[in-house]
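# Structural overview
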Amino acid sequence: MLFHLLAVGDVVGDQGLSFLDRHLRSLKKLHAVDFTVVNGENASGVGITPRQAKDIFNAGADVITLGNHTWNRIQIADFLEDNPYILRPANYTSRVPGRGWGVFDGPRGLRIGVMNLIGRCEMDSNFENPFTVASAALKEMDADLTVVDLHAEATSEKGAMGWYLDGRVQAVWGTHTHVPTADVQILPKGTGFVTDLGMTGPAQSVLGIKPQQAINRFLGGLPARFEQAEGPCKLESVLFTIDTSTRKCVSAERLDIRE
């Protein structure tokens, strides 16, 4: 039996939320998607509010993953405690609200494990080692299929995680850099992998923000609050097809929509 899982890149701002709402349900129907994981940590630009999380669920997400901006909108803390379908990175060092992984009911009685991790290269050294945390979590997860979102800056760290978990999980994808990579593949032991999904939001932008603001920053201009870019949007995602009898990924392909 084949199981179709869709992983959607970081949703950026109101434009990304609106575009997700307009297109995700039809994309799922077109490709017979069984389960959908959406990274939502940039839904408010930096961070996510409970209302925005609800909007992502209403658009068609089964699980939301987060990243380094989890606490930029601190009002999400209680929501993380109350709703098991939204995950923050499992390898925070201190005791923080919420959970980093979960096992969810999927179609046909399948138990779907989803794990959210954050990288340490060029990020925050106070995070625990995502590799050892991943191994420890897998020992506790009673799931038929398991997938992992590694929110990380370095492509090398994401690639290493894919190979580290090859054969132990069914899919590993990277988020955070908002730029889709061209290395969608199936690793030797049957794990689907891509270094970065990309993003959902303004297409004519620098990672979702107005290009002029990014230019100003690199020219040494005065810092300013980032503003979301306007204009046409895009949705970037990867569809992983998993054989539930062998527990191996048999296909991985990009599914991208652009206005």
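Structure's up top.
Per chain, residues are indexed from 1 in the order of the written sequence. The predicted nature of this model means local features are confined to residues of pLDDT at least 70 and side-chain atom pairs, given and counted, to a pLDDT of 80 or more, with totals for whole chains, interfaces and linings taken over all residues. Neither water nor hydrogens contribute to the side-chain values; these are computed over all heavy atoms in the structure.

## Some points on helix α4 (residues 130-140)
What counts here: Categorising residues by exposure relies on relative accessible area from a 1.4 Å probe, with only protein chains included: less than 20% of the type maximum marks a residue as buried, more than 50% marks it as exposed, and the intermediate range marks it as partly exposed. A run of DSSP states H or I qualifies as a helix once it reaches four residues; a run of E qualifies as a strand once it reaches two. Both are numbered from the N-terminal end. Contacts between residues were defined by any pair of non-hydrogen atoms, one from each residue, lying within 4.5 Å. For the purposes of these results, a polar contact is taken to be a pair of N or O atoms within 3.5 Å, where, inside protein, one atom must be able to donate a hydrogen and its partner to accept one; residues adjacent in sequence count only when each atom of the pair is a side-chain atom.
All of the buried residues in α4 are P130, F131, V133, A134, S135, A137 and L138. The secondary structure elements touched by the buried residues of α4 are β6 (101-105), β7 (111-118), β8 (145-151) and α5 (155-164). With a side-chain oxygen lying 2.8 Å from the backbone nitrogen of F131, the N-terminal cap of α4 falls on N129.

## A word on the packing of aromatic side chains
Quick note on the threshold: Only centres within 6.5 Å qualify two rings of Phe, Tyr or Trp (six-membered ring in Trp) as a pair; their planes then separate them into stacked at under 30 degrees, edge-to-face at over 60, and tilted for everything else. Our definition puts a charge over a ring when NZ of Lys or CZ of Arg is within 6 Å of the ring centre and also within 35 degrees of the ring normal.
Across all of its chains, the model carries six aromatic pairs by this definition. Each ring, one from W173 and one from F240, has its centre 5.7 Å from the other, and the planes form 25°; the classification is stacked. Of this pair, W173 sits in strand β9 (residues 171-175) while F240 sits in strand β13 (residues 233-243), placing them 67 residues apart in sequence. Each member of the pair, W173 as well as F240, is classed as buried. Put simply, the rings of F35, Y85 and F104 touch in pairs and so form one group of aromatic residues. Positioned over the ring face of Y164 is R168, at 4.6 Å from the centre of the ring.

## Notes on the side chain of T49
Among the structural elements, T49 can be located in the loop between β3 (35-39) and α2 (50-59). Ignoring anything within four residues of it in the chain, the contact list for T49 reads R73, Q75 and I76.

## Some words on the pairing of β7
The cut-off we apply is this: A pair of strands is labelled paired if DSSP reports no fewer than 2 bridges between them.
The buried fraction of β7 amounts to seven of the eight residues, a majority that puts the element mostly inside the structure. Judged from the five bridges that link them, β6 and β7 form a sheet pairing that is antiparallel. By the bridge assignment, F104 is partnered in β7 with I112. Where β6 hands over to β7, the hairpin turn is made up of five residues, of which R108 adopts a positive phi near 60°. Relative to β8, β7 runs parallel, the two sharing seven bridges. Residue pairing for β8: I112 is matched across the bridge by L145.

## A word on the nonpolar core
Where we set the bar: Among buried residues, those of type Ala, Val, Leu, Ile, Met, Phe, Trp, Tyr and Cys that are joined through side-chain atoms within 4.5 Å constitute a nonpolar core.
Core analysis: the biggest nonpolar cluster contains 27 residues, and L6, L20, V38, I56 and I86 have the highest contact counts within it. Looking at this core element by element, the count peaks at five residues for helix α1 (residues 13-30). Each residue touching L20, except ones within four places of it in the same chain, is listed here: V8, V11, V38, I56, A59, T200 and L235. Counting 21 residues, the second largest nonpolar core, distinct from the first, contains F35, V238, F240 and C249.

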